[in-house]
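Here is how the chains run, residue by residue.
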Amino acid sequence: MKQLKAITEFLTRLNLVEAESIDGWVQSIDKIVRVAASQGVGGMILFRHSYTAVLAIENYNHKRHPPELLMAQVVAWLIEHDENRWDDEEAALAMDVDIFDAESALVEFTIGFSEEVGIVPDSGGAISLWGKRWRLGTPDIWYAVNGDIAEPVDAVYEMEDT
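Residues numbered from 1 in each chain as written. Predicted model: local features only at pLDDT ≥ 70, side-chain atom pairs only at ≥ 80, totals over all residues. Heavy atoms only, no water.

Quick notes on the packing of aromatic side chains
A full pass over the atoms with the stated rule returns two aromatic pairs. Their ring planes at 35 degrees and their centres at 6.5 Å tell us that Phe-10 and Trp-77 sit as a pair that is tilted. In this pair, Phe-10 is assigned in helix α1 (residues 2-13) and Trp-77 in helix α2 (residues 67-81), connecting sequence segments 67 residues apart. Under the relative-accessibility criterion, Trp-77 is labelled buried at 6%. (Phe/Tyr/Trp six-rings, centres within 6.5 Å; stacked < 30°, edge-to-face > 60°. Helix = DSSP H or I, 4+ residues; strand = E, 2+ residues; numbered from the N terminus. Buried < 20%, exposed > 50% of the residue type's maximum accessible area, 1.4 Å probe, protein only.)

Spelled out as structure tokens, the structure:
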């Protein structure tokens, strides 16, 4: 649940409220899709999951900082850190504001996230798969920097009579 952790840290750094006033949790894991796709350097993406996260911000001073400012900060973070979300019409994002008095409010965001979970080989890892030990981790992805394109080879195909 890396994205939930990252956006919570981001909101804390904004200093709009005390860090103790921000809480985040996973409300539900909505879907898990098996991937088990090798990344070519020993690690793999094991699965992709979608989950609904809730971020609650207590004692938000809505008089000093309008709730739209907070929503703009969240949307800007999502654009920058979760750019594929806007391709998915089902990507959930909602904000609920409960005003308590002239200055304080409870602001809750409900955000749908989708992310991959990777594993990397580790002889002491807690995960056993295909006779090997693994741990949670981000697999290295190596990209080709340069390469050669071979000339096409003429092939002769013989067709059998049917």
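A short note on unusual backbone geometry
Here the phi dihedral of Asn-59 falls at roughly 55 degrees; this positive angle occurs in a residue that is not glycine. Note on placement: Asn-59 falls in strand β2 (residues 44-61). For Asn-59, a relative accessible area of 52% puts it in the exposed group. For Trp-130, which is not glycine, the phi torsion reads 55 degrees and is therefore positive.

Examining the pairing of strand β4 (residues 104-121)
In terms of residue burial, β4 counts as a mostly covered element, since 13 of its 18 residues are buried. As paired strands, β2 and β4 are joined by 15 bridges and run antiparallel to one another. Across the sheet, the residue bridging to Ser-50 is Ser-114, located in β4. Taken together, the seven bridges between strand β3 (residues 93-99) and β4 define a ladder with antiparallel strand orientation. Counterpart to Leu-93 in the pairing with β4 is Ile-111. (Pairing = 2+ DSSP bridges.)

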